[in-house]
2 protein chains.
Amino acid sequence: MAPTLDFWFEFASTYSYPAAMRVADAAQARAVTVRWRPFLLGPIFKAQGWDNSPFNLYPAKGRYMWRDLERICAGLDLPFVQPAVFPQNTVLAARVALLALAQDWGEDYCRALYRAEFGEGRDISKPENVAAVLTALGQDADAVMAEAQSDAIKARLRAQTEQAQRASVFGAPSFTAADGELFWGNDRLEAALEWAASAANR
Amino acid sequence: MAPTLDFWFEFASTYSYPAAMRVADAAQARAVTVRWRPFLLGPIFKAQGWDNSPFNLYPAKGRYMWRDLERICAGLDLPFVQPAVFPQNTVLAARVALLALAQDWGEDYCRALYRAEFGEGRDISKPENVAAVLTALGQDADAVMAEAQSDAIKARLRAQTEQAQRASVFGAPSFTAADGELFWGNDRLEAALEWAASAANR
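The shown structure was predicted, so the numbers you read here are calculated from the model rather than taken from an experiment.

> So what exactly am I meant to see when it comes to the interface of chain A and chain B here?
One frequently used descriptor of interface size is the decrease in accessible area upon assembly of the parts. Counting residues at the interface gives 19 residues for chain A, matched by 19 residues for chain B. Of the roughly 1,900 Å² buried between chain A and chain B on both sides combined, carbon and sulfur atoms contribute 53%. In this structure, the connection of chain A to chain B is made through 8 salt bridges. Among the salt bridges present, the one from E181(A) reaches R67(B), with a minimum N-O distance of 2.7 Å. Counting across the chain A and chain B interface gives 15 residue pairs in polar contact (both at pLDDT 80 or more). When contributions to the side of chain A that touches chain B are tallied by element, the ones reaching two or more residues are helix 4 (59-76) and strand 4 (182-184) of chain A. Among the elements that make up the side of chain A that touches chain B, the one with the highest residue count is helix 4 of chain A (7 residues). Grouping the amino acids of the side of chain A that touches chain B by side-chain chemistry returns 11 nonpolar, 1 polar and 7 charged.

Right, dumping it as structure tokens:
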């Protein structure tokens, strides 16, 4: 059985953008199966006493992050445009992701949404911008968004956020291996894959 | 003229330990000259509203950091012992570093002190532990520590901390290139060296 790695991401998380764009190829190269697990950082930040992104609460760190992200995207040949609104409300985006990931277009949706947000600077809290991504993927945007707002999906997103918290996730992107080992940050993707891939030998 | 990179470090900073242990070799491989610049994080954290290490203020992040550091040290074959006291008062340690770096044993002192703190778990806020490192390096510990507590050295450490702040440094380790480009974190050492080395071509 292929080793697995859980990829915890939040659409408001800047460093989740490069992680989401490269996790599939990186994992395939290591023969690791990735489970994409969208969750909400809001409740987790609130538990740490934050009512906003730490990048807004600590401006020096925030200014650095935007420049760092710009450099990282340039190195990966990823488009980058700093959105005017940050952080964005990602509840709808995450609910749609949960629905999509249960089908075969979930990863494409996640990548397209990240590209809209951080590659084109769009505000993905606006339903019309989520709808545009869905339409471009050949989905019935209205039907998908209606289903994404169902009680079942809402409950699943809450449950997944609680699971993230129980897995000790405190930021995004994070990665957890089957044995519970936690890695945090886009720059830990390789170490996480290495851990997961070599788990069988431990 | 060889390109230069400023290496901003603080002896209380956990991720500065692996950075300090590998920066010399990594820089030599890229033909970059490194300027070791000890500073104090205390005033910089205070300006961000913190009266303690963020790793203590945010326990989930702190628990992760210690595990992450342990993994990083294992990967680099560096000894690692979590000190009982964290963060440690590093004013004396940094003053001695300023003095030592003006001579030819400064980098050896910095590496030896980091090894004592995070490789052996010693409390380097205690003068006798700084003295032991100095003695092992063949220095007259009493004379060095007395000179390190001179008004001139005290003023230089304050000035260097202010310089770090003006360079937008908000954490440690940090690296700044001659053009002011800032990199933060042990895991950005390679990118910082790459930036400095290729500066002549921009």
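> So what exactly am I meant to see when it comes to the relation of the copies chain A and chain B here?
Between the two copies of this chain, the relationship is a rotation about some axis together with a displacement along it. Of the transformation placing chain A onto chain B, the axial shift is 0.0 Å and the rotation is 180°, giving an RMSD of 0.0 Å. Such a combination of rotation and displacement between the chain copies is what one expects of a two-fold axis. In terms of C-alpha distance to the rotation axis, chain A has D187(A) as its closest residue, with the C-alpha 3.8 Å off the axis. Most of the interface of chain A is mirrored in chain B, where 100% of its interface residues again form contacts.

> Can you help me understand the layout of surface pockets in this one?
Unfilled space is identified by rolling a water-sized probe across the atoms. Counted as a void, the second largest pocket has a volume near 600 Å³. D187(A), R188(A), E190(A), D187(B) and R188(B) are, among the 24 residues lining the second largest pocket, the residues nearest its centre. Looking at side-chain class alone, the lining of the second largest pocket contains 8 nonpolar, 2 polar and 14 charged residues.

> I would appreciate a short explanation of the confidence of the model for chain A in the present structure.
Mean pLDDT over chain A: 96, with 99% of residues reaching 70 or higher. For this predicted complex, the interface score ipTM comes out at 0.93, alongside a pTM of 0.95.

> Would you mind showing me how to read the pairing of strand 2 (residues 33-38) of chain A here?
Walk down a regular strand and you will see the side chains alternate between the two sheet faces. Residues and elements named next belong to chain A. In this structure, strand 1 (residues 4-9) lies alongside strand 2, joined through 6 bridges in parallel fashion. Opposite W8, over in strand 2, you have R37 as the bridge partner. Since strand 1 and strand 2 lie parallel, the crossover through helix 1 (residues 16-29) that links them has a hand, and here it is right-handed.

> Would you explain the sheet that holds strand 1 (residues 4-9) of chain B in this entry?
The strands making up a sheet are joined through hydrogen bonds of the backbone, oriented either antiparallel or parallel. All names here are of chain B. In space, the 4 strands of this open sheet follow the order 2-1-3-4, with mixed pairing throughout. Unpaired on one side and paired on the other, strand 2 (33-38) and strand 4 (182-184) mark the two borders of the sheet. If you compare each strand with its neighbour and ignore which way they point, the axes differ by 20° on average. This element, helix 5 (residues 91-101), spans strand 1 and strand 2 of the sheet and lies at about 145° to strand 2. Those strands touched by helix 9 (residues 151-166) are strand 1 and strand 2, and its axis lies near 115° from that of strand 2.

> Please clarify how the packing of aromatic side chains should be interpreted in this entry.
When we look at a pair of aromatic rings, we describe it by the centre distance and by the angle of the planes. Summed over all chains, the structure comprises 44 aromatic pairs over all chains. Both rings, one in F9(B) and one in W36(B), keep their centres 5.5 Å apart while their planes meet at 80°; by these two values the pair is edge-to-face. Residue F9(B) is located in strand 1, and its partner W36(B) is located in strand 2; the two are separated by 27 residues in the primary sequence. Judged by its relative accessible area of 8%, W36(B) is buried. Between Y17(B) and F118(B) the ring centres are 5.9 Å apart and the planes differ by 35°, which places this aromatic pair in the tilted class. With Y17(B) in helix 1 (residues 16-29) and F118(B) in helix 6 (residues 106-119), this pair connects stretches of sequence that are 101 residues apart. Assessed through its relative accessible area of 0%, Y17(B) is described here as buried. On the accessibility criterion, F118(B) (0% relative accessible area) is buried. Over the ring of F183(B) we find R71(A); its NZ or CZ atom is 3.8 Å from the centre of that ring.

> Is there a simple way to explain the sheet that holds strand 2 of chain A in this structure?
Residues and elements named next belong to chain A. Spatial ordering of the open sheet is given by 2-1-3-4, a layout of 4 strands whose pairing is mixed. Here the strands that pair on one side only, and so sit at the sheet edges, are strand 2 and strand 4. Direction aside, neighbouring strands of the sheet carry axes that sit 20° apart on average. Examined bridge by bridge, strand 3 (residues 174-177) and strand 4 share 3 bridges and lie antiparallel to one another. Looking at strand 4, one finds that S174 is bridged to W184. Lying on the sheet, helix 1 is in contact with strand 1, strand 2 and strand 3; it crosses strand 1 at an angle near 165°.

> Hey, could you run me through the pattern of salt bridges in this one?
Opposite charge on two side chains lets them pair, provided their charged atoms get close. All names here are of chain A. Evaluated as defined, the whole model comprises 28 salt bridges over all chains. Residues R67 and E70 are paired through a salt bridge, measuring 2.9 Å at the closest nitrogen-oxygen approach. Here E70 and R67 lie together in helix 4, a separation of 3 residues that amounts to about one turn. For E70, a relative accessible area of 36% gives the class partly exposed. Between R111 and E107 there is a salt bridge; the shortest N-O distance is 3.8 Å. Pair noted here: R111 and E107 are both in helix 6 (residues 106-119), with a separation of 4 residues, about one helical turn. Judged by relative accessible area, which is 30%, E107 ranks as partly exposed.

Parameters and conventions
- Residues numbered from 1 in each chain as written.
- Chains lettered and ligands numbered in written order.
- Predicted model: local features only at pLDDT ≥ 70, side-chain atom pairs only at ≥ 80, totals over all residues.
- Heavy atoms only, no water.
- Contact = heavy atoms within 4.5 Å.
- Buried area = accessible area lost by both parts, 1.4 Å probe.
- Salt bridge = Lys/Arg side-chain N within 4 Å of Asp/Glu carboxyl O.
- Polar contact = N/O pair within 3.5 Å; in protein donor to acceptor, adjacent residues only side chain to side chain.
- Helix = DSSP H or I, 4+ residues; strand = E, 2+ residues; numbered from the N terminus.
- Nonpolar A, V, L, I, M, F, W, Y, C, P; charged D, E, K, R; others polar.
- Least-squares fit on C-alpha atoms with pLDDT ≥ 70 in both.
- 1 Å grid on protein atoms, 1.4 Å probe; cavity = no way out; pocket = protein on both sides within 12 Å on 5 of 7 lines; lining within 4 Å.
- Points joined across faces, edges and corners; volume = space filled by probe spheres on them.
- pLDDT = per-residue confidence, 0-100.
- Pairing = 2+ DSSP bridges.
- Right-handed = clockwise from strand over helix to strand, strands pointing away.
- Axes fitted to C-alpha atoms, helices over the stretch in contact; angles between N-to-C directions.
- Phe/Tyr/Trp six-rings, centres within 6.5 Å; stacked < 30°, edge-to-face > 60°.
- Buried < 20%, exposed > 50% of the residue type's maximum accessible area, 1.4 Å probe, protein only.
- Lys NZ or Arg CZ within 6 Å of the ring centre and 35° of its normal.

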